[in-house]
Amino acid sequence: MLEDLKQEVYEANMRLPELGLVSFTWGNVSGVDREKGLYVIKPSGVPYDELKASDMVVVNLADGKVVEGDLNPSSDTPTHTYLYNHFPKIGGIVHTHSPWAVSFAAAKMDIPAMNTTHADTFYGDVPAADALTKEEIEADYEGNTGKTIVKTFNERGIDYEAVPAALVSQHGPFSWGPTPDKAVYNAKVLEVVAEEDYHTLQLTRANRELPQYLLDKHYLRKHGANAYYGQNNAKSKEHAARE
Ligand SMILES: O=C(CO)[C@@H](O)[C@H](O)COP(=O)(O)O
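The structure presented is a predicted model; accordingly, all values stated were derived computationally and were not measured.

Undergrad: Sorry, what's going on with the site of the ligand here?
TA: Every residue near the ligand is listed here: T25, W26, N28, S44, G45, S74, S75, D76, H95, H97 and H171. The separation between an oxygen atom of the ligand and a polar side-chain atom of H95 is 3.0 Å. Contacts to the ligand include H97, whose side-chain N or O atom sits 3.1 Å from an oxygen atom. Burial of the ligand by the protein amounts to 75% of the accessible area it has alone, namely 380 Å². Here the shell around the ligand is composed, by residue class, of 1 nonpolar, 9 polar and 1 charged.

Here it is in structure tokens:
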């Protein structure tokens, strides 16, 4: 069943290693057929270089139970199920452990909108969902991973179509979109902007703390104007011509 969707979801999963978004098996993509009340997801723990479209697992949209497939579905199936049932307009979901996004997730920091790369895809900061409490983890860890994302969007009034991604603290990013392929695109943009933001935060912090000798540039003036140009034959002529 759902052979076309299995092929689509398989191809979307294979984009993850191609785009450098996953190492080993640290990620999964799903796609939904809402009319049939079913969705297709990557099987758990299967390396991408061994993966086949026929390995995809079909699960029930209502409860995430396996409907067809010889392999266990991704361990993140409960989160995919919860998101499909609470974000009704999404058609595909991606989860990865892409390093830059995971760094913000572990720090429980939103990925802030700092440049147009971000704004062209995410119309606002990408939220770091609340960390799960000890009680939530013990009560229903899997369901709560999806719950904490939805709860964060609802409490902060974020439109899940305008900001198609979230960070789960100490785990990683979940991205989504109208199709699995669009969800993969959003996952890649998220990783790119997470890296850009990290460097922007570092550079702006460093710029505020520049030591005075770097601001004065005495050494560079001495080196450039006299010591180096006077010695270097080519530079001397070039320097003389410029004077
Ligand atoms: O964080 C974890 C496992 O600790 C998961 O998110 C894996 O990274 C993907 O698991 P499968 O989809 O292969 O079950």
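Undergrad: Sorry, what's going on with the UniProt feature "domain: Class II aldolase/adducin N-terminal" (unreviewed entry) in the protein chain here?
TA: As annotated by UniProt and renumbered to match this structure, "domain: Class II aldolase/adducin N-terminal" (unreviewed entry) occupies residues 7–198. Structurally, residues 7–198 comprises 40% helix and 18% strand, and the distance from its first C-alpha atom to its last is 36 Å.

Undergrad: Is there a simple way to think about the pairing of strand 2 (residues 38–41) in this case?
TA: In regular strands, side chains alternate between the two faces of the sheet. Along strand 2, one buried face is formed by L38 and V40 and the opposite face, lined by Y39 and I41, is buried too. Examined bridge by bridge, strand 1 (residues 27–33) and strand 2 share 4 bridges and lie antiparallel to one another. The partner of D33 across the bridge, within strand 2, is L38. If you look at the hairpin formed by strand 1 and strand 2, you'll find 4 residues sitting between the two strands, and G37 has a positive phi there, around 70 degrees. Sheet analysis places strand 2 next to strand 3 (residues 57–60), joined by 4 bridges and oriented antiparallel. Residue pairing across strands places V40 opposite V58, the latter belonging to strand 3.

Undergrad: In this structure, what is going on with the pattern of salt bridges? I would like to understand it.
TA: A side chain of one charge can pair with a side chain of the opposite charge when the charged atoms of the two come close. Scanning the model with the defined rule gives 11 salt bridges in all. Here D110 ties to R156 by a salt bridge, and the two come within 2.4 Å at their closest N and O atoms. Of this pair, D110 sits in the loop between helix 3 (99–106) and helix 4 (116–119) while R156 is found in helix 5 (residues 134–156), placing the two residues 46 residues apart along the sequence. Residue D110 is classed as partly exposed on the basis of its relative accessible area, which comes to 22%. Here the salt bridges share partners, and the residues they tie into one network are E3, K6 and E68.

So, how was this worked out
Residues numbered from 1 in each chain as written. Predicted model: local features only at pLDDT ≥ 70, side-chain atom pairs only at ≥ 80, totals over all residues. Heavy atoms only, no water. Near = heavy atom within 4 Å. Polar contact = N/O pair within 3.5 Å; in protein donor to acceptor, adjacent residues only side chain to side chain. Areas by Shrake-Rupley, 256 points an atom, 1.4 Å probe, with all protein chains shown as cover. Nonpolar A, V, L, I, M, F, W, Y, C, P; charged D, E, K, R; others polar. UniProt positions renumbered as here; feature names shortened; annotations may be inferred. Helix = DSSP H or I, 4+ residues; strand = E, 2+ residues; numbered from the N terminus. Buried < 20%, exposed > 50% of the residue type's maximum accessible area, 1.4 Å probe, protein only. Pairing = 2+ DSSP bridges. Salt bridge = Lys/Arg side-chain N within 4 Å of Asp/Glu carboxyl O.

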